[in-house]
Amino acid sequence: MKKRRLYLQILMTEYDILIKNATIYEGTGKKHYKGSIGVKGDRVESIGEVKGDAERTIDAKGLTAVPGFIDAHSHADWSLLHFPDCQNYLMQGITTFVGGQCGGSPAPLGEYVRIPRGLQDKLPDLDPYKFYPNQPYYHIDQINQWMDQEYGWNLDWTTMAGYFKRVEKTGVAVNFAPLVGHGTVRTKVMGLDFKRHSTKEEWAQMRELIHQAMEDGCVGMSTGLDYDPGVFAAHEEIIDAVSVLKEYGGVYCPHWRRTGRRRGVSAGHVPNEKITALMECVDVWKKTGVRLHYAHMSTGWQMHPPAPDELEYHNVKTTLDMISEDAKTELDVTWDAIPQLTRSGFSTMPYLASLYSPWLRELGGLEGFGKWLKVKDFREEVKDAVRRGKWFIRVAYNPNTAPKWAENIVVLQSKVPGIDGKTIAEVAAEREADQWDTYFDIIAEDPYTRGATGSMGPRKPYLQYWTHPRGMVGLDTSVFDKDYQGKSPPYNIPGINPFSAFPMFYIKYVRDGSLFTIEEAVQKTSTLPARVHNIEGRGILKEGGYADIVLMDLPKLKVLSDEIETRRHPEGIDYVFVNGELVVEKGKHTGATPGRVLTRTT
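Residues numbered from 1 in each chain as written. Predicted model: local features only at pLDDT ≥ 70, side-chain atom pairs only at ≥ 80, totals over all residues. Heavy atoms only, no water.

J.: Any chance you could explain the pairing of strand β5 (residues 64-67) here in plain terms?
T.: Residues in a regular strand point their side chains to alternate faces of the sheet. Across the two faces of β5 the burial is the same, with Thr64 and Val66 and Ala65 and Pro67 all buried. Here 2 bridges tie strand β1 (residues 14-24) to β5, and the two strands are oriented parallel to one another. If you follow Thr23 over to β5, its bridge partner there is Thr64. Bridge analysis of β5 against strand β20 (residues 549-552) gives 4 bridges, and the strand direction is antiparallel. In the strand pairing of β20, Ala65 is matched with Leu551. (Buried < 20%, exposed > 50% of the residue type's maximum accessible area, 1.4 Å probe, protein only. Helix = DSSP H or I, 4+ residues; strand = E, 2+ residues; numbered from the N terminus. Pairing = 2+ DSSP bridges.)

This is how it looks when you write it as structure tokens:
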């Protein structure tokens, strides 16, 4: 009789949407099965053997249903109000991101604030400079004047709660799980006087602001210990700030002291000891009891020359063993890592010349720089500026910091004959010339030469970041539309990852490889990020959970981006639901904006 009543109840249930004939991977540990999903409002009402009427039925025969992907490390909060439809995220199946990373969150805001993402590309015209902006932070009134001038809106909030209201008023297409940024808090308290250790009185002010952000609904706090102003914070300041999270069950997400301050890096620079920086974070966890989640994990030791796979494997393994050996639960210490599936996955270097943007600004662009590189004295002036640390080039391809820098830069497309696909080191060897001069020679010969940078690449040792039970996927990128490119030097173009990382992950490591089963991959792309960041009811498909669902055609999943044109949406992500609303239908964005701010109380 009980079974009959349950059967009749199911028959009488009506759904907004009924997804039929899908192969369902719940993310709950249950084996996959063929079945249906009944969606009512923003929730999964029924799953499995579902019967009943629905306003709309989708036949998912041949499609795989998985929980919406969660980007565990994102800077999408920087551009969310500029690109609220979040095209590049939704079209690859991302339904939620964890933002406020690397010490920078949208609030709390004080008298001085960092330059918003929307103004960074315009700043060379608004307040011209050569090497770095004239001020590390600008007065809020100046920022808002520029924002009104350029976009017709401004930063009209001061707290995280105020920013959340602004997001909800605008309407966005994906969910945002917010962290408060320690660097933003430090700027609110210390203003422009940040190049020093803070006082105990300032610690107290920071604690109060962190309390407020957590009360507003943040899920944790991030730090940016390679960046201003966090790079100047004493270890004791970090411990004091992180301790606030304990009463809220928050998570600490450090961008750890990986490189040191990215300014004034001259020839002979000695970089941070990475393993020391990683263990510093472990010390914070031990002294505060606040769960630790590392941002964009990498090895504890930098090897020169680059190690073969056999040695690098143990570099990765030893690093992960050391940071997690004292963890008592599976969530005490975790990390995300960027899938380096292509050379230009994280970001693409539009032009070889893009690394030298101060001179592009000074000389009016690519052609002017290429012309002047033919002048020996000018070329030496540029080299000297880099040697003396006046201009910082990222560590992996900076002649000051990486002995093998020229092996980490590859020519993608050039009018110079015979060099496409070769590294700068290879071209220099063929020409029997100095590597730095070869780099400049290529730009002089064709200023529009396209290039890519990357020191990790898709190497086997780094797969341990995800095969380890504590690891998950984080992209370290933002939201854009498919036409986005910076108008000012370095003319930034998003890499392949911002548009296709999650499909590439499933193609390379599930469908065409054997690294993960689909059940295991779902843990890395959905379930584990939700558990770590206390995102209730998401990252799994279950009755009563939120209807963030991806229907993908795994056999036909295809990445259309390449290293020259990275901004193409993938094929095979057929349907995406966010909070029960259809945002991608038959591979097309519907324009719906049902995303929410996922505060601790929701």
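J.: What's the story with the pattern of salt bridges in this structure? I'm lost.
T.: Side-chain pairs of opposite charge can arise whenever the charged atoms involved come near each other. Using the criterion set out here, one finds 29 salt bridges in the structure. Here Arg196 ties to Asp193 by a salt bridge, and the two come within 2.9 Å at their closest N and O atoms. When its relative accessible area of 27% is taken as the criterion, Arg196 is described as partly exposed. For Asp193, a relative accessible area of 44% corresponds to the partly exposed category. For Arg207, the salt bridge goes to Asp240, with nearest N and O atoms at 2.7 Å. Pair noted here: Arg207 is in helix α8 (residues 200-216) and Asp240 is in helix α9 (residues 235-243), with a separation of 33 residues, a long-range link. (Salt bridge = Lys/Arg side-chain N within 4 Å of Asp/Glu carboxyl O.)

J.: It is not clear to me how helix α18 (residues 497-511) should be interpreted in this structure. Could you clarify?
T.: A turn of α-helix holds 3.6 residues, and therefore any two residues three or four places apart point the same way. Relative to the 21 Å expected for 15 residues at 1.5 Å per residue, α18 spans just 18 Å between its end C-alpha atoms, considerably shorter than the ideal helical length. The sharpest bend along α18 reaches about 35° and sits at Pro503. Here α18 lies mainly inside the structure; 13 of its 15 residues are buried. (Expected span 1.5 Å × (residues − 1). Bend = angle between axes of the 7 residues up to and from the residue.)

J.: What exactly am I supposed to notice about unusual backbone geometry here?
T.: Comment: phi is negative for the bulk of residues other than glycine, and the bulk of peptide bonds are trans. Here Ala107 and Pro108 are connected by a cis peptide whose omega angle stands at 5°. Considering the arrangement of structural elements, one finds Pro108 in the loop between β7 (94-99) and β8 (112-113). The phi dihedral of Cys86 is positive, around 50°, even though this residue is not glycine. Tracing the backbone through its elements, the reader meets Cys86 in the loop between β6 (69-71) and α2 (87-90). Positive phi is not limited to glycine here, since Asp476 has a value of about 55°. With respect to the element layout, Asp476 can be found in the loop between β18 (471-473) and β19 (493-494). Taking the relative accessible area as the measure of exposure, Asp476 reaches 15% and is therefore buried.

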